[in-house]
Every structure is written in C-alpha cells, then in structure tokens.
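# Chains, contacts and geometry: an overview
This is what each chain is made of:
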Amino acid sequence: MTKSKLDELVFLPLGGSNEIGMNFNLYGFGPPHDRKWIVVDLGVTFGDQTTPGVELILPDPTFIEEHAKDILGIVLTHAHEDHIGAVAWLWPRLKAPLYATPFTAFLLREKLREAGLLSEVSITEIPLSGSFSLGPFDLTLITLTHSIPEPNGVAIRTPLGTILHTGDWKIDPDPLTGDATDEAAIRALGDEGILAMVCDSTNVFVDGEAGSEADVRETLNALIGTLKGKVATACFASNVARMDTIIRAAEANDRRVCLVGRSMIRMSQAARSVGLLEGVKPFVSDSEAGYFPGDKVLYLCTGSQGEARAALSRIADGTHPHVKLGQGDACVFSSRIIPGNEVPIRNLQNKLADRGVRLYTERDHPGIHVSGHPCRDELKRMYQWARPEIAVPTHGERRHLLEHAALAKDLQVPQAIAPRNGDMVRLAPGRAEIIDEVPAGRLYVDAGVVTPENGDALRERRHASFNGVLAISIALDGRGRIASGPQVRALGMPGDDDYPLSEAMDDLAEEAHRALGKLSADDREDDHAVEAMLSRTVKKAAFRIWKRRPVVETTVLRV
Ligand SMILES: [Zn+2]
Ligand SMILES: [Zn+2]
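Quantities reported herein were computed from a predicted structural model and do not represent experimental measurements.

Next up on the list: the overall build of the protein. Per the secondary structure count, the protein includes 17 helices and 26 strands. Along the first, second and third principal axes, the C-alpha atoms of the protein reach 85 × 75 × 45 Å. For the protein, the residues scored as buried account for 54% of the 559 residues in total. Of the roughly 24,300 Å² that the protein leaves accessible, carbon and sulfur atoms contribute 49%.

Okay, structure coming up:
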C-alpha cells in the first residue's frame, strides 16, 4: 500500500471514551474525502434508574453508517458485552464482515442466530496471535490476559504508522485459562515502533497490580473447605477462569457443581467449544442437586450484580423452583460491584442474610476476586514495553482518561490525548490532534425497539414515574354540550385523610367543568381547543394541590 500526500490516519471513538461500557472504536485511513474504516468492538452499556425499562444502550452509529460501504471490517477483541453486545443490533446498519477469535466467534454466532442474522453475516475466525489484512490496515492479534477467554490486543499497521489497540487487559503471569500476556510480542512491536497506543483506563486510580487468578484459586479453595451446608457462589458467567476455579475448588472439597442461570450454562458451552473446562465432572442439574446433602453441593449462580431476573435474586426471593438457601448455608461473591449496582447488590445481600445465609464478599474476604483490568503498575509496564509516541486513553470515564493521560506523560510518552466520543483524532501525519467532532450519542433498546436517546417514550415514562399521571375524559355532543364528564383519574398521585384522592379528583373535574364553560361556542366544537383548555386547567390545579407537574392525558369524545 502506497501512501499519498493527503493520506491521514485517524482514530474516532463513537463509544467507550468518557464512559466504561459501549466500546465502539473506529480507525480511518486515506484522504479526508475517501477514508477506509475499520471498527474495533461494538458493545453495549446498561440502563440505570434514569432510564426506567430500558434493557440496553447502544452507541449511535449514524456517522459511520453514512460511510458503511467504506467499512472494511469489524474486529471484536473479546466477548464481553461492552465489546460485542451491539453487534446483532447494529450490524444491519453497518453490514461489514466480522473478525474474531474462536471463543468470541462462538458467542457472536449465538447472538446473530437469535437475531435471525446468522446466514447474512460473514464471520472470519482468526486464530490467537493470527494476522489478517483489511485494505490499508494489516492487523495482528496479541494475546493478553483479562477476565474472559481469548482477550486480544490488536496491532494495526498502516502506511502512516502502527497502532496498538489494547482492548481490555491486565498482566496475569498465571491466568489458569489461556496463555499469559504476550510480553514478547508487545516488546517486539515496541522495537518496531508504535505510533499510538489506545489503551484501557479502567483501573488507573488503583495502585499496584490487579492480582493473579492463581491466587484467587488458592483463596477460594481454602475458603470453600471451611464452609458447611450448601454453598452458592456468584461470578460473571463469562469469567471462565473463575468458573473453572470455583468448579475445581468445589471438587477438591467433595462438592458436585450445579450451574444455575441461563448464561452460566451458555458460557460453559462456549468454553467447552474451545477446549476449556476440560476434565471437570459433569454438572448436576438444579432439580437433581436438591437431593444431595447440603455439604456435597455447590451452586454456581448468575446474578452477582443483583440483577432481578438472575438466579441469585430468585434464590434470595425464595422463588427459584429448585434452589433453596437458608440457615447455615453460605454465599460467596467472587465478583466486584460494578459502579451503579450498589443498591440492587445490597438488597440482594440483605435478603440472603435475612434467610440466615452467611455472606462472603471481596470487601470482607480479600482475595476471592481480582480485577481483569490493569492497575497503575501494570500500565507502567505496558508503556515500558510498547513505548508509543502517542497515548490515547479509552475505556474510562472522563476522570479516568485524564488521569491516564497524565500518567502517560509522567512515563515520558511524548503526546497524550484523551478523546471524547465523537472526537476525530488525527494520529498522523504531524502532531496528534482533534481535527473534527462528529455526531456521537446513544440509542436505547426499549421493549425490543431501538429508539433515539431523546425519544418521547422514555421521556414520558420518566416524567410519569416521578410526577404521576392524570387522565381527563369528557364526552361532548356535536355542538359542544357536555354529554358526560368531565372525569379525572389519577395514577401515582398521593392523597390522605385530610384531602382524599377522590376529593381531589372531584375538585379537578369541577375546575375542568368551569373552564369549559369559559370556552366560546366555536371552540367547544373544536376538539383541540377543548383538549388544550382541559389540559391547561388540570395542570395548573394539580400544581396547586401537589406542587407537581404530572403527565396529563386528555380524551374528548363526540357523541
Ligand atoms: Zn472486557
Ligand atoms: Zn470492557
């Protein structure tokens, strides 16, 4: 590939910069009017109490959708939802071939099959450490360690320089599942010369190192050996090394393992497809496990984050059909609290404690979990190996990215640039700088429908959930005379003995009635005028009564 004078190499995050989640990174090469693009990762993030009912949040691909024909490929670094979760949702708008290693490809195929897209999408399986070319981009995967099988960094060689896109990583000398971080490959790439390193910032505020899975295995093994009664453990299903650790610890302590939760079973199948979880005893089903003596069984459960529909929440609620925990049993949380999940996790743990279940968490039993992301000492080592010209922190909130940029500067990296989603960073030629700002935002998956961030449905739902709803209905004849009503009904509005809700409804109806009387004969024949008057009146009265602005729904019937 030859380069022309107009060629530029750009990095453009459309998700994952200024947030942890929803990773969606683009690299562009060519003159500004004719760039070729590759996508690295296409993930989701999850809603919170500000997005009631929203199942998933996707990055808005509008900018790159307009250049869809110039997307040469979508490379998926690993199978975490924040890296692959949006593929099935957004592929129809991008339509580029997918590239992934076998474990990730297994899970991608499953998602695409569920979405009915499998026959349309081309997935090329790349072996670990494999290389492939997409137009001006020559890519080589680099094996790293993380908290899921097959985490890959990507070396992206272009005529204007080489990028090391780390994806998610840590340095685990003994990851137990898969190979250790390929230090030699990173050093060799560093010797060759790395223009820019686009790197994970998640744990930039944590000193030291994340710690090794091998240590977790030892700790959990010892802990489970001390437990009597039934043991339930919770971890992320995708953390196959942890799953393996817990299974071995159970077997070493003469307990059979029962997987509880759909994603736990799905992940065990994905793991087996690439030769992991070898030599473990067959799992017992949750219905069988009930017949085992308590101290001969260990339940490996989904739901470490307090997810309402996951196995552990159902067990805590006493609504799981087969698994019951109570006095003398134990629950081990081999996981961290993802920020934002504090409340549901606390609720879950309180319910378990109330049943007499003893809880073991990372906080009171250090060593039963380690993070999958690099802490400061690991970041320092990575910079020493890679020696990039430009540091581009991603996979972090604003404060993480800025701290990471400062750390890179301290480590003598000549330039550091912390982008926001939508910032187009020119990496070469010349000094790295933000040369453009393109639209970037979020899409919500709401009851299975992809909706814009500022769509009406969520806005109304949020408004109603904080302020309540008032519905007014009235029936008028053709000339505007009242046939019945007005009637007002409330949803989510408070009342008490001093001023019962029924009385408030009557008062509102009466005000509406009076207001109608002020309308001219012409206006009373006009539905819109009637609706506007009723709505205005009730809103005003509601504010006087409750100091709130409920959603007001008006129905005018003509009889
Ligand atoms: Zn990850
Ligand atoms: Zn991630």
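Picking up where we left off.
Turning our attention to the coordination of the zinc ion (ligand 2). The zinc ion (ligand 2) binds to the protein through D82 (OD), H83 (NE2), D168 (OD) and H395 (NE2), with metal-donor distances spanning 2.1 to 2.2 Å. Given four donor atoms and angles of 86 to 163° at the metal, the environment of the zinc ion (ligand 2) is assigned as irregular. Of note, the zinc ion (ligand 2) draws all its donor residues from one chain, in the sequence arrangement D-H-x84-D-x226-H. For the pair the zinc ion (ligand 2) and the zinc ion (ligand 1), the metal-to-metal distance amounts to 3.4 Å, and D168 bridges them. Of this pair, H83 sits in helix α2 (residues 81–84) while D168 sits in the loop between β11 (161–165) and α5 (183–192), and the two are 85 residues apart along the sequence. The burial state of H83 is the same as that of D168; both residues are buried.

Next up on the list: the sheet that holds β11. Spatially, β8-β9-β10-β11-β12-β18-β19 is the arrangement adopted by the seven strands of the open sheet, whose pairing is mixed. Here the strands that pair on one side only, and so sit at the sheet edges, are β8 (131–134) and β19 (415–416). With four bridges joining them, β8 and strand β9 (residues 137–143) adopt antiparallel strand pairing. Across the sheet, residue F132 finds its bridge partner in β9, namely L139. Lying on the sheet, α5 is in contact with β9, β10 (152–158) and β11; it crosses β11 at an angle near 155°. Along the sheet, helix α12 (residues 376–386) makes contact with β11, β12 (196–200) and β18 (390–394), crossing β12 at roughly 160°.

The next subject is the coordination of the zinc ion (ligand 1). The coordination sphere of the zinc ion (ligand 1), as far as protein atoms go, consists of H78 (NE2), H80 (ND1), H146 (NE2) and D168 (OD), spread over 2.1 to 2.3 Å. Taken together, the four donor atoms surrounding the zinc ion (ligand 1) define angles of 92 to 162° at the centre, an arrangement classified as irregular. The class of D168 is buried, set by a relative accessible area of 2%.

Before going further, it helps to spend a moment on the pattern of salt bridges. In this structure the tally under the stated criterion is 29 salt bridges. Between K36 and D70 there is a salt bridge, and its shortest N-O distance comes to 2.9 Å. Residue K36 is found in strand β3 (residues 36–42), and its partner D70 is found in the loop between α1 (62–65) and β5 (71–75); the two are separated by 34 residues along the sequence. For D377, the salt bridge goes to K380, with nearest N and O atoms at 3.9 Å. Of this pair, D377 and K380 are both found in helix α12, three residues apart, which corresponds to roughly one turn of the helix. Overall, the relative accessible area of 31% leaves K380 in the partly exposed class.

Direction vectors running N to C along helix α4 (residues 102–114) and helix α8 (residues 262–273) enclose 130°, while the axes themselves pass 8 Å from each other. In terms of orientation, α4 and α8 fall into the oblique class. In this structure, α4 crosses over α8, and the sense of that crossing is right-handed. Taken together, the residues of α8 that come into contact with α4 (itself represented by F103, F106, L107, E110 and E114) are R262, R266, M267, Q269, A270, A271 and S273. For the contact of α4 with α8, the residue count by class is six nonpolar, two polar and four charged.

In this structure, strand β22 (residues 442–446) lies alongside strand β23 (residues 449–452), joined through four bridges in antiparallel fashion. For L443, the partnering residue across the bridge sits in β23 and is P452.

Here we come to the packing of aromatic side chains. If you walk through the whole model with that rule in mind, you get three aromatic pairs. Consider the rings of F11 and Y27, whose centres lie 5.1 Å apart with planes at 35°: the pair is tilted. With F11 in strand β1 (residues 8–15) and Y27 in strand β2 (residues 24–30), the pair connects residues that are 16 residues apart, well separated along the chain. Side by side, F11 and Y27 carry an identical accessibility label, which is buried. For the pair Y99 and F132, a centre-to-centre distance of 4.9 Å together with 10° between the ring planes defines the contact as stacked. Of the two residues, Y99 sits in strand β6 (residues 98–100) while F132 sits in strand β8, which places them 33 residues apart along the sequence. For Y99, a relative accessible area of 13% corresponds to the buried category.

Thresholds applied
Residues numbered from 1 in each chain as written. Chains lettered and ligands numbered in written order. Predicted model: local features only at pLDDT ≥ 70, side-chain atom pairs only at ≥ 80, totals over all residues. Heavy atoms only, no water. Helix = DSSP H or I, 4+ residues; strand = E, 2+ residues; numbered from the N terminus. Buried < 20%, exposed > 50% of the residue type's maximum accessible area, 1.4 Å probe, protein only. Areas by Shrake-Rupley, 256 points an atom, 1.4 Å probe, with all protein chains shown as cover. Donors = N, O, S within 2.8 Å, 3.2 Å for Na, K, Ca; no water. Tetrahedral: all angles 85-135°; square planar, octahedral: opposite > 155°, others 65-115°. Pairing = 2+ DSSP bridges. Contact = heavy atoms within 4.5 Å. Axes fitted to C-alpha atoms, helices over the stretch in contact; angles between N-to-C directions. Salt bridge = Lys/Arg side-chain N within 4 Å of Asp/Glu carboxyl O. Parallel < 35°, antiparallel > 145°, perpendicular 65-115°, else oblique. Left-handed = near helix turned anticlockwise from the far one by under 90°. Nonpolar A, V, L, I, M, F, W, Y, C, P; charged D, E, K, R; others polar. Phe/Tyr/Trp six-rings, centres within 6.5 Å; stacked < 30°, edge-to-face > 60°.

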